[in-house]
Amino acid sequence: MGLSTAYSPAGSGLVPAPLGAGAGAARRLSAQVRRPRLATVRCSVDAAKQVQDGVATAVAAEAPASRKECFGVFCNIYDLKAEDKTKSWKKLVNIAVSGAAGMISNHLLFKLASGEVFGQDQPIALKLLGSERSFQALEGVAIELEDSLYPLLREVSIGIDPYEVFQDVDWALLIGAKPRGPGMERAALLDINGQIFADQGKALNAVASRNVKVLIVGNPCNTNALICLKNAPNIPAKNFHALTRLDENRAKCQLALKAGVFYDKVSNVTIWGNHSTTQVPDFLNAKIDGRPVKEVIQDTKWLEEEFTMTVQKRGGALIQKWGRSSAASTAVSIVDAIKSLVTHTPEGDWFSTGVYTTGNPYGIAEDIVFSMPCRSKGDGDYELATDVSMDDFLWERIKKSETELLAEKKCDAHLTGEGDAFCDLPEDTMLPGEK
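Residues numbered from 1 in each chain as written. Predicted model: local features only at pLDDT ≥ 70, side-chain atom pairs only at ≥ 80, totals over all residues. Heavy atoms only, no water.

- An unreviewed UniProt entry lists the protein chain under the name malate dehydrogenase (NADP(+)), with Saccharum officinarum given as the organism.
- In the Catalytic activity (unreviewed entry) part of its UniProt record, the protein chain is described as follows: "(S)-malate + NADP(+) = oxaloacetate + NADPH + H(+)".
- UniProt, in the comment section headed Subcellular location (unreviewed entry), describes the protein chain in these words: "Plastid, Chloroplast". (UniProt positions renumbered as here; feature names shortened; annotations may be inferred.)

**A few points about the side chain of Thr308**
Consideration 1: As for its position among the elements, Thr308 is in helix 9 (residues 300-312).
Consideration 2: By relative accessible area, which is 8% here, Thr308 ends up buried.
Consideration 3: The residues touching Thr308, leaving out its near neighbours within four places in the chain, are Pro281, Phe283 and Leu303. (Helix = DSSP H or I, 4+ residues; strand = E, 2+ residues; numbered from the N terminus. Buried < 20%, exposed > 50% of the residue type's maximum accessible area, 1.4 Å probe, protein only. Contact = heavy atoms within 4.5 Å.)

**With respect to unusual backbone geometry**
Consideration 1: Omega for the bond connecting Asn219 with Pro220 falls within 30 degrees of zero, at -5 degrees, which places this linkage in the cis form.
Consideration 2: A positive phi angle is found at Leu149, which is not glycine, with a value near 55 degrees.
Consideration 3: Within the element layout of this structure, Leu149 appears in the loop between helix 3 (135-147) and strand 5 (153-159).
Consideration 4: Given a relative accessible area of 69%, Leu149 falls into the exposed group.
Consideration 5: One non-glycine residue with positive phi stands out, namely Asp367, at about 65 degrees.
Consideration 6: Counting through the fold element by element, Asp367 comes out in the loop between strand 14 (351-356) and strand 15 (369-375).
Consideration 7: Residue classification places Asp367 among the buried positions, given a relative accessible area of 15%.

Right under this line is the structure:
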């Protein structure tokens, strides 16, 4: 039986060759691969026809006209003896990444392929979504992944049609979104990017795994996540996340600096609310070396003012220094966010992620996506932390962020199936990096 390390068709059931298979187990023949003319790079794998006498052959040689050629080494298939077939490797994890030719993805994809995120015994397939404009750049990304020789990276495919790229994916990392241009009204950005995530939600609903985990990075990520989940009714709403982990990481850094400790001493940091300048970095529940932050840092004025504003506006400060928005640190925070869901949360700690509020124990308005403290058993799922304290200062700011998200929701009501849109935003509170 032939086993694919390449673009295999949906439902083929093929399993990647295990690491460490003996030299006699498989032999690869090189293939001259043509560049695709159409949007999706994909190969048809028919192991019974294409593998004979234990010799691997190029898939492209017999690919039907309805399929497109695959990419380099990822096109080859291998014949393994029964005793060499997967024994210790886990089932292939399919990961879709939108905006895959962008700067954030340029940092993220190689972390995923290295095993840093899902583990050193977890093979993965990367399914990269771009646009017609970025398709050539996607080919460049595939070349770099190919040349990096990651043993855990078993498949790479590229395309511009989410209905093809999202086929059977277990994770969807939705990074691609339109940036806010000069003079663009915030309401216009909500509508433009909302359309993108409505379409991607429909595609996930149609073709992705029923238990796919979806992480929305493209801004405004909270409302984009709400739009996406509303357009994917067959996928549990609990499976959708808006990225607020970078904000949490920034808050931990500032607390560590002020306390004169290394950041690994800081725990229980929550970012409440929207990924905007109404976000609420929670110092009331945070701890430093197991002690409440307010016991270690007794400068209440700094906590309420400078700390909060620094975290809220950190993205803008980076742009002023660097000339562009965060990419590497965003990629790191995506890795952190995923790892928080696939590893057991340390006892007593929690992490921040934007999730669906219906049924929350805090009294936050339902039917929005709001960043809250969560814990995971490492199975990809989470539960909301209930052992949190609340005071007037914290609750007042949480309600301000809630008001903003409810207003954003009304702006995109036409994309969530809730009638006509009515956009009356209280103020322009996008992060400075988006202006």
